[in-house]
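Next come the chains, spelled out residue by residue.
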Amino acid sequence: MNGSKGPLLSRRALIGTGLGAGAAALTATGAGPAAAAAAAAAAERASTAPRRAYAFLAAATDAYPEHGTIRLAQSYTDQAGLFSTAFTYDNALAVLAHLASRTEGARSRAAALGDALLYAQAHDPGYDDGRLRQAYNVGPYTFYDGSPQPDGFVRADGTANVGTQFGFTGTAVGDMAWAGIALSALAQRTGKRRFLTGAVRIGQWIERVGRTDEPLGGYKFGVNGADEKLPFTSTEHNTDLIGLFGALAKLTGDRVWRERRAWAAAFVRGMWEPSGGFFYTGTNDGVTVNRSPIPEDTQTWTHLALASPAYARSLDWAATELAVWDTADRRNSTVPVGQSYEGVTFSSASLLANEDAPIAEGQPRPDRGGVWFEGTAHLALALRDRRAPGDEARARRLLASVERAQDLLGGGQTIGGRPVAERSGVVSASSPLDTGFGFGYYPYRHTGATAWYLLAAARANPLRA
């Protein structure tokens, strides 16, 4: 996410009394057959949810088989209106989620996605410097203005099919870091040198383009589609770099990556607010800390990357201050009657969203109680990693909410025009959600949210080498 409230798109969710927690409580007190049935359903859901989540990742990857064997996973179902867009960040997460399963088939899928990222790196239509773009097209469609997009991920001329229709042509340090983390994990797991080579090229691009000697230090956001450097510096991105540079230090043995990791970590620590127990979002100018909005991922990813007791309160801040509970009786909720979901929202601004106006032109009005399921999975994983008293029970409750969403939300959606199997894939949000950073999340099945759920279910921390 960026350090400002501008319209840049990221790739890139009360720990309260949801139905899952309520069912567990009723069972514990012997409240009768209905409670027992709800508990049995929750147990069945938990045992099969990962398998169904992996099935969604496979469907997102295999949506356009007639367009070649080199492919990335489509990020959202067709109903999101982004057509065949495959965000680099989401695909990096898919790699990491596949590796977390530790099965041979999943490792093969991870390697195939990693090779597609390497293909994009080596066959960019405009640059040969190690960069990846924010997103790519992976299948044909007709854009809103009637212009056709006929290619798959690999265009007829052999170049990678950059997502130009939506302007996803820039390169963000955070997206690059996650791709580098995924390639580093592949290098470690498979022993294949090509993955490490690609990860090193990513790290070198970030060092060359992103490093800043401004007073607050760290690494800046990246470049836009015109290759112009962007002025702000993100806590989230520098947290990602702690993970990437740490992995490169371990895999290469080169001390320079340790120094670069320390440079990114110093920026992150400088964003800590000790009186409140949270991290700020970053800086717009390299001099002044941007104090609002305060996002969720800068609280959870910082713990996953640093594992420092000095900052462990950030998880409590996120779990308390960003807590939401979405029910059908809320003003703009799209949750069906009889259902409710608990978790966290995207940022402090999400809790103050204008519920009288759409998030963006042509989009629905936001629900302040909308649950961001990707962030809810971040928090569950971080709590499991921290292991303080009560953390595991709280994480399990959050994951039960995500698993219930996979079962019950996002039905009837498609990828590449093909129906998505019911009960597979996690929607990005329970109801329309305004992030406060110029974009929203909606109840569409999402590769990134699904992958984060799988990482949390497997207790797999991608940010610590």
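Our subject is the structure listed above.
So, a few notes on the structure that sits alongside this text. Keep in mind that what you see is a predicted model, and the values were worked out from it rather than measured. (Residues numbered from 1 in each chain as written. Predicted model: local features only at pLDDT ≥ 70, side-chain atom pairs only at ≥ 80, totals over all residues. Heavy atoms only, no water.)

1. Notes on the nonpolar core
Core analysis: the biggest nonpolar cluster contains 113 residues, and Trp178, Ile206 and Trp452 have the highest contact counts within it. Residue contributions to this core peak at 10 residues, all from helix H5 (residues 173-190). In this structure, Ala135, Phe437, Phe439 and Tyr441 belong to the second largest nonpolar core, which totals 12 residues. (Core = buried A, V, L, I, M, F, W, Y, C linked by side-chain atoms within 4.5 Å. Buried < 20%, exposed > 50% of the residue type's maximum accessible area, 1.4 Å probe, protein only. Helix = DSSP H or I, 4+ residues; strand = E, 2+ residues; numbered from the N terminus.)

2. Section: the side chain of Arg131
The residue Arg131 is located in the loop between helix H4 (104-122) and strand E2 (135-137) in this model. Within the local environment of Arg131, its side chain forms a polar contact with the side chain of Asp129, the two groups lying 2.8 Å apart. Among the polar contacts listed, one links the side chain of Arg131 to the side chain of Asp227, at a separation of 2.9 Å. Residue contacts for Arg131: discarding those within four places in its chain leaves Gln121, Thr171, Met176, Trp205, Val223 and Asp227. (Polar contact = N/O pair within 3.5 Å; in protein donor to acceptor, adjacent residues only side chain to side chain. Contact = heavy atoms within 4.5 Å.)

3. Considering the packing of aromatic side chains
Here the structure, examined in full by the defined rule, presents 32 aromatic pairs. For the ring pair Phe279 and Tyr311, a centre distance of 5.4 Å and an interplane angle of 50° mean the geometry is tilted. Residue Phe279 is located in strand E9 (residues 278-279), and its partner Tyr311 is located in the loop between helix H9 (297-306) and helix H10 (313-321); the two are separated by 32 residues in the primary sequence. Of the residues examined, Phe279 reaches a relative accessible area of 0% and is grouped as buried. Judged by its relative accessible area of 15%, Tyr311 falls in the buried class. Residues Trp301 and Trp452 carry aromatic rings whose centres are separated by 5.8 Å and whose planes lie at 20° to one another, so their mutual orientation is stacked. In this pair, Trp301 sits in helix H9 while Trp452 sits in helix H13 (residues 447-458), placing the two residues 151 residues apart along the sequence. Grouping residues by exposure puts Trp301 and Trp452 together as buried. By way of ring pairs, the aromatic residues Phe83, Phe87, Tyr141, Phe143, Tyr144, Phe166 and Phe168 are connected into one cluster. The cationic tip of Arg131 hangs over the ring face of Tyr127; the distance from NZ or CZ to the ring centre is 3.6 Å. The ring of Trp263 has Arg211 lying over it, and the distance from NZ or CZ to the ring centre is 4.6 Å. (Phe/Tyr/Trp six-rings, centres within 6.5 Å; stacked < 30°, edge-to-face > 60°. Lys NZ or Arg CZ within 6 Å of the ring centre and 35° of its normal.)

4. What to know about the pairing of strand E12 (residues 323-327)
With 4 of its 5 residues buried, E12 lies for the most part within the structure. As paired elements, E12 and strand E13 (residues 340-344) share 5 bridges and run antiparallel to each other. Paired with Ala323 across the strands is Val344, a residue of E13. (Pairing = 2+ DSSP bridges.)

5. Topic: the layout of surface pockets
Taken as a whole, the second largest pocket encloses approximately 470 Å³ of empty space. If you list the elements that add at least two residues to the lining of the second largest pocket, you get helix H3 (88-101), H5 and helix H7 (235-252). Ranked by the residues each element gives to the lining of the second largest pocket, the list is headed by H5, at 5 residues. Residues that form the lining of the second largest pocket fall into these classes: 12 nonpolar, 4 polar and 5 charged. (1 Å grid on protein atoms, 1.4 Å probe; cavity = no way out; pocket = protein on both sides within 12 Å on 5 of 7 lines; lining within 4 Å. Points joined across faces, edges and corners; volume = space filled by probe spheres on them. Nonpolar A, V, L, I, M, F, W, Y, C, P; charged D, E, K, R; others polar.)

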